[in-house]
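# Summary of the model geometry
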Amino acid sequence: RRIMRPDDANVAGNVHGGTILKMIEEAGAIISTRHCNSQAGEPCVAALARVERTDFLSPMCIGEVANVSAEITYTSRHSVEVQVNVMSENILTGAKRVTNKATLWYVPLSLKNVNKVLEVPPIQYARKEQEDEGKKRYEEQKLDRLETKQRNGDMIYPIINPEPHTVGYSQSSLIHLVGPSDCTLLGFVHGGVTMKLMDEVAGIVAARHCKTNIVTASVDAINFHEKIKKGSVITISGRMTFTSNKSMEIEVFVDADPFVDESRERYRAVSAFFTYVSLSKEGKPLPVPQLL
Amino acid sequence: RRIMRPDDANVAGNVHGGTILKMIEEAGAIISTRHCNSQAGEPCVAALARVERTDFLSPMCIGEVANVSAEITYTSRHSVEVQVNVMSENILTGAKRVTNKATLWYVPLSLKNVNKVLEVPPIQYARKEQEDEGKKRYEEQKLDRLETKQRNGDMIYPIINPEPHTVGYSQSSLIHLVGPSDCTLLGFVHGGVTMKLMDEVAGIVAARHCKTNIVTASVDAINFHEKIKKGSVITISGRMTFTSNKSMEIEVFVDADPFVDESRERYRAVSAFFTYVSLSKEGKPLPVPQLL
Amino acid sequence: RRIMRPDDANVAGNVHGGTILKMIEEAGAIISTRHCNSQAGEPCVAALARVERTDFLSPMCIGEVANVSAEITYTSRHSVEVQVNVMSENILTGAKRVTNKATLWYVPLSLKNVNKVLEVPPIQYARKEQEDEGKKRYEEQKLDRLETKQRNGDMIYPIINPEPHTVGYSQSSLIHLVGPSDCTLLGFVHGGVTMKLMDEVAGIVAARHCKTNIVTASVDAINFHEKIKKGSVITISGRMTFTSNKSMEIEVFVDADPFVDESRERYRAVSAFFTYVSLSKEGKPLPVPQLL
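Residues numbered from 1 in each chain as written. Chains lettered and ligands numbered in written order. Predicted model: local features only at pLDDT ≥ 70, side-chain atom pairs only at ≥ 80, totals over all residues. Heavy atoms only, no water.

## What to know about the packing of helix H1 (residues 17–36) of chain C against helix H4 (residues 191–210) of chain C
Residue and element names in this part refer to chain C. The line we're drawing: Fitted lines through C-alpha atoms serve as axes, helices being fitted only where they are in contact, and the angles separating the N-to-C directions of these axes extend from 0 to 180 degrees. Helical segments are the DSSP runs of H or I of at least four residues, strand segments are the runs of E of at least two, and each set is numbered from the N terminus. By the definition adopted for this analysis, an angle is roughly parallel if under 35 degrees, roughly antiparallel if over 145, roughly perpendicular if from 65 to 115, and oblique otherwise. Any two residues whose heavy atoms approach within 4.5 Å at even a single point are treated as in contact. In the scheme used here, Gly and all other residues not listed as nonpolar or charged are polar, with Ala, Val, Leu, Ile, Met, Phe, Trp, Tyr, Cys and Pro taken as nonpolar and Asp, Glu, Lys and Arg as charged.
Interaxial distance between H1 and H4 falls to 8 Å at its minimum, and their mutual angle equals 170 degrees. As judged from the angle between their axes, H1 and H4 are roughly antiparallel. Taking contact as the criterion, the partners of Gly17, Gly18, Thr19, Leu21, Lys22 and Glu25 in H1 are, on H4, Gly191, Gly192, Val193, Met195, Lys196 and Asp199. In terms of residue class, the contact of H1 with H4 is built from 3 nonpolar, 5 polar and 4 charged.

This is the structure we're talking about:
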């Protein structure tokens, strides 16, 4: 639970989707790490493996209080499903509204050997159906993870002197040097830090295309294929892939370059699709220019 | 509730007292602003007026989760007393311990007119004694506030080539330009931001004196005499005032310079005493060199 | 004065040159804004116009205290020259050393009308020679500013599949969305924020070239040709321009894209040359691979 500050928001005062994704992931990491260490055994840290598709139901504003709550809803042998809810509270009027619901999957990695995945203590279900539904969600996400791994080879090449409203015109990338405060106890980047940077790039792509105030409407399922080590340089690239009258779809790639570790080449760590909408100064939806 | 990161801690991995004070104050600001707006009326923001003396019972470490909870324990006509508890949780072992308890006083200021103090909706007490005890605490702090205002005129002048272990040797000051994210909706600095800077200066004074790893042991009552506006430059100065065998007492002043606002001179905004202890590399208490 | 934290430094524990440049600029901005408002008149904010060439005499480490002090050394009718000294203090040993000396030029801009440059109150010189020498420095920097404005048109185009140790292999760019905390009261980016990002890009270029721990050795004179507005996206690009056996020279450009302001095209705001050295894990200088 924390107060939203000017630094969490865009110039129009709407909190960045990335700020919210980062808070969601921190809540998920706390609850799943706590759960995976709840039985005697090797100490471990829960690492984010996947975030299911999530909608941003309404924008949050500077001065509001974000209430983030998390619950474990399913455990497989080696993974934990966490449901996170975000409520926005206006402490001046007392008004509260749900702004996000997200489902995250974590995997416990040994503190002694980061390549060792440990076993997850099973949770108790109130009803047998809850376990069956959880198992179904588990199988579905596993399948989806495998599929996305294959379409994961694309690169974004720059275009010289692009025309307005083409893909090349708005595509953007940013680089970030991974510092200690970006990382877990294991020395790998928090999933939430990566998602915040991904949202930042997607937002810049959307704003370059529309030249208006834009906000995150939803994020497609995100798979975290590979860990990113402290000291790496990460390149986050985004490009517009589709526009409807009301929204824009932006694909974002994260490539990691562990360049102080000579044994490794640059690799693709994460990819995802973000959907943005364009807003007028009064916060009303605006039509999106067609992508050429 | 959040995970402690490397930037929240000193080189030995102990979380700065100032980081904890900032979290305590944010919790207090949320609960008291929410309470003061709970009845129809002029919207307001709760401003920190005073923090009672507080002890840091045990140091918190990087990777632990800080759990901060707040409760309103007394209301006078124009002020709210909030009790905040901080628990440190090691999510690997499940161990929890209380690290802090603090009592804070807030005053509701109108969002429309920052110089107008509004009325506080009364709370219901479970027992009559609670109200009486609260009233007693209220009277005591009111008296103490008046007294400190008078001894509030001191300045710290630099000393050239000071001898080790003298006051002049370790005294320190830092300046900070107040940015937007340091401020409340009213455009004045959050009390927690000020306290974090005060702890930083006190820590530098203590480390200069001892030349060891030091941690905050307690903070004396802090009175916030005057608000500090966005865009001001604040000077935070600290000097050692007393040493016992086991601890050091450091006085800290905060002076604000609203220098683009022509109508105001530099003024003393806050002052307080911090107590620090010196620790060995293994975290054991060390004797403190005598102050000359 | 503040303690250097893990996020201020690279993985080897050396504080980024950019962190130091940002502190230097903040000190300069405070002292020159204070001076320019010291006489009754229109309130103003001092904006950074130029930083003279500066050397990083020795690296600073995490846990050390940076002492930054600033002094006004010359005033022309519309500009202020500030001399800033940075000392690094190891508060455990008491050892102090000078790590930087920098000279900065500021211009007072009216708070009411950002395009209006105000007059600077003159300072008193202890000796006539000081004024004469200041005037000479003033004329020299004025000339240099004019000259750099002309050679300021270059762009960095990406190279597909570059060979190691070529210019294209290490060239890098990052984008940054200008947030509220990056800006002055006037809503324009602090010069120090820009320099920190420039150093970040230059450091990534140097590390990609060497694949070792690298540190900033010096920065050439930097001229701030144009202001950058809050909400702009800035692209900071760097490429290696020269290597000797012991050091690398990296050119850095800053381009601003005020894309919510439709009346303005992307423009070149700043450019500069950074010099880096390569260090072994023990902190000894290493030979630099030759630039192809």
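## Here we look at the interface of chain A and chain B
Counted only if it meets this: What makes a salt bridge here is a side-chain nitrogen of Lys or Arg within 4 Å of a carboxyl oxygen of Asp or Glu, nothing more.
With 24 residues of chain A at the interface, the matching set in chain B holds 23 residues. One salt bridge in this structure joins Glu89 of chain B and Arg34 of chain A, with 2.5 Å as the shortest N-O distance. Secondary-structure elements contributing two or more residues to the side of chain A that touches chain B are strand S1 (2–3), helix H1 (17–36) and strand S4 (65–75) of chain A. Counting residues per element, the side of chain A that touches chain B draws most heavily on H1 of chain A, at 4 residues. Its residues placed into classes, the side of chain A that touches chain B shows 11 nonpolar, 6 polar and 7 charged.

## Quick look at the domain arrangement of chain A
All names here are of chain A. Going by this rule: Residue ranges labeled as domains rest on an automatic or database domain assignment. Buried area, as used here, totals the accessible surface that two parts lose on assembly, with accessibility defined by a 1.4 Å probe and the loss added over both. Residues adjacent in sequence count toward polar contacts only when both atoms are side-chain atoms; beyond that, a polar contact is any pair of N or O atoms within 3.5 Å, and within protein one must be able to donate a hydrogen and the other to accept it.
What the domain assignment lists for chain A is domain 1 (1–143) and domain 2 (159–291). Of note, the centres of domain 1 and domain 2, computed from C-alpha atoms alone, are 20 Å apart. Listed per partner, the contact involves 25 residues of domain 1 and 26 residues of domain 2. Across the domain 1/domain 2 interface, buried area totals approximately 2100 Å², and carbon plus sulfur atoms make up 63% of it. Applying the counting criterion to the domain 1 and domain 2 interface returns 0 salt bridges. If you look at where domain 1 meets domain 2, you find 12 residue pairs in polar contact (both at pLDDT 80 or more). At the level of elements, H1, strand S2 (44–51), strand S3 (54–55) and strand S6 (96–110) are the ones that each hand at least two residues to the side of domain 1 that touches domain 2.

## Some details on the relation of the copies chain C and chain A
Filter applied, for reference: Each copy is superposed on the other by least squares, with the fit set by C-alpha atoms of residues at a pLDDT of at least 70 in both.
For the pair chain C and chain A, the best superposition has an RMSD of 0.1 Å and corresponds to a rotation of 180 degrees with a translation of 0.3 Å parallel to the axis. Given the turn and translation reported, the copies of this chain are related as if by a two-fold rotation axis. Among all residues of chain C, the minimum C-alpha distance to the rotation axis is found for Leu174 of chain C, at 2.2 Å.

## Points about the relation of the copies chain A and chain B
Mapping chain A onto chain B leaves a residual RMSD of 0.1 Å; the transformation is a rotation of 180 degrees accompanied by 0.0 Å of translation along its axis. Interface overlap between copies: 96% of the residues of chain A at the interface are likewise at the interface in chain B, consistent with a symmetric, same-surface contact.

## Side note on the nonpolar core
Residue and element names in this part refer to chain C. Selection rule: Nonpolar core, defined: a set of buried Ala, Val, Leu, Ile, Met, Phe, Trp, Tyr and Cys residues in which side-chain atoms within 4.5 Å join the residues together. Partly exposed residues are those whose accessible area sits between 20% and 50% of the maximum for their type, while under 20% is buried and over 50% is exposed, using a 1.4 Å probe and protein chains only.
In terms of nonpolar packing, the biggest core is built from 71 residues, with Ile228, Ile236, Met248, Ile250 and Phe274 touching the most fellow members. Per element, the largest residue contribution to this core is 11 residues, and it comes from H4. Not counting chain neighbours up to four residues away, the residues in contact with Ile250 comprise Ala202, Val205, Ala206, Gly238, Arg239, Met240, Thr241, Ala272, Phe273, Phe274 and Tyr276.

## Comments concerning the interface of chain C and chain A
Facing 29 residues of chain C, the contacting portion of chain A comprises 31 residues. Buried area between chain C and chain A, both sides added, is near 2500 Å², and the carbon and sulfur share of it is 67%. The partner of Arg208 of chain C in a salt bridge is Asp257 of chain A, with the nearest N and O atoms 3.6 Å apart. Going through the elements one at a time, strand S7 (172–177), H4 and strand S10 (233–243) of chain C are the ones with two or more residues in the side of chain C that touches chain A.

## Let's talk about the UniProt feature "active site" (unreviewed entry) in chain A
Residue and element names in this part refer to chain A. Let me state the cut-off plainly: UniProt positions are given in the numbering used here, feature names are shortened, and annotations may be inferred rather than shown by experiment.
UniProt's feature table lists "active site" (unreviewed entry) at Asn10 and Asp199, given in the numbering used throughout. Their sequence span is 190 residues, while the largest C-alpha to C-alpha distance among them is just 12.1 Å; these annotated residues converge on one region. On the basis of relative accessible area, Asn10 is assigned to the buried category, the value being 18%. Dropping the residues within four chain positions of it, Asn10 is found in contact with His16, Asn213, Ile214 and Val215. When sequence neighbours within four positions are dropped, the list of residues in contact with Asp199 reads His16, Gly17, Gly18, Thr216, Phe274 and Tyr276.

## Concerning the packing of aromatic side chains
Residue and element names in this part refer to chain A. As a reminder of what qualifies: Any two of the Phe, Tyr and Trp rings considered here, Trp counted by its six-membered ring, make a pair once their centres fall within 6.5 Å; the pair's planes then place it as stacked at under 30 degrees, edge-to-face at over 60, or tilted in between.
Taken as a whole and judged by the stated rule, the model has 12 aromatic pairs over all chains. Plain terms: the ring middles of Tyr74 and Tyr125 are 6.2 Å apart, the flat faces sit at 35 degrees to each other, and that makes the pair tilted. Here the residue Tyr74 occupies a position in strand S4, and Tyr125 occupies one in the loop between S6 and helix H2 (128–150), the gap between them amounting to 51 residues. When sorted by exposure, Tyr74 lands in the same class as Tyr125, which is buried. When the ring of Trp105 is compared with that of Tyr138, the centres are 5.9 Å apart and the planes differ by 50 degrees; the resulting orientation is tilted. Taken together, the positions of Trp105 in strand S6 and Tyr138 in helix H2 put the pair 33 residues apart, joining distant regions of the chain. Trp105 sits in the buried class, given a relative accessible area of 1%.

## Let's talk about the pairing of strand S2 (residues 44–51) of chain C
All names here are of chain C. What counts, and what does not: Criterion used throughout: strands pair if DSSP finds at least two bridges between them.
A large share of S2 lies buried, amounting to 7 of its 8 residues. Sheet topology places S2 next to strand S6 (residues 96–110); 7 bridges connect them, and they run antiparallel. Each bridged residue has a counterpart across the sheet, and for Val45 the counterpart in S6 is Leu109. Taken together, the 2 bridges between S2 and strand S9 (residues 222–224) define a ladder with antiparallel strand orientation.

## With respect to the pairing of strand S8 (residues 213–219) of chain B
Residues and elements named next belong to chain B. In terms of burial, S8 is a largely internal element, 7 of the 7 residues being buried. Here strand S3 (residues 54–55) pairs with S8 via 2 bridges, running antiparallel. When the bridges of S8 are listed, Asp55 appears paired with Ser218. Where S8 and strand S12 (residues 267–279) come together, 6 bridges link them in antiparallel fashion. Across the sheet, the residue bridging to Val215 is Val277, located in S12.

## Quick look at H4 of chain C
Note the threshold: Expected helix span is taken as 1.5 Å per residue step, with the number of steps being one fewer than the number of residues.
Taking 1.5 Å of rise per residue, the 20 residues of H4 of chain C would be expected to cover 28 Å, and the 29 Å separating its terminal C-alpha atoms lies within 8% of that figure. Of all 20 residues in H4 of chain C, 18 are buried; the element is thus mostly enclosed.

## Structural notes on the pattern of salt bridges
Counted under the stated rule, the structure contains 45 salt bridges over all chains. Salt bridges linked by common partners bring Arg50, Glu52 and Asp144 of chain A together as one network.

## Notes on the UniProt feature "domain: HotDog ACOT-type" (unreviewed entry) in chain A
Look at the UniProt record and you will see "domain: HotDog ACOT-type" (unreviewed entry) annotated at residues 1–112 and 168–282 of chain A. Across residues 1–112 of chain A, the secondary structure splits into 18% helix and 43% strand, with the terminal C-alpha atoms separated by 32 Å.

## Notes on the side chain of Asp255 of chain C
Residues and elements named next belong to chain C. Tracing the backbone shows Asp255 in strand S11 (residues 248–257). Residue Asp255 is classed as buried on the basis of its relative accessible area of 5%. Side-chain polar atoms of Asp255 contact the side chain of Arg268, separated by 2.7 Å. Once you skip the residues sitting within four places of it in the chain, Asp255 turns out to touch Val233, Ile234, Thr235, Arg266, Tyr267, Arg268 and Ala269.

## Description of the side chain of Ser88 of chain C
Looking at where Ser88 of chain C falls in the secondary structure, it is placed in strand S5 (residues 80–89). Residues in contact with Ser88 of chain C, not counting those within four places in the same chain, are Met60, Glu64, Val65, Ala95, Lys96, Arg97 and Thr99 of chain C.

## Section: the confidence of the model for chain A
Threshold: Confidence scores here are pLDDT values: one per residue, from the predictor, ranging 0 to 100.
Summary statistics for chain A give a mean pLDDT of 91 and a share of 97% for residues scoring 70 or more. Model confidence for the complex: the whole-complex pTM is 0.86, and ipTM, which rates the interface, is 0.82.

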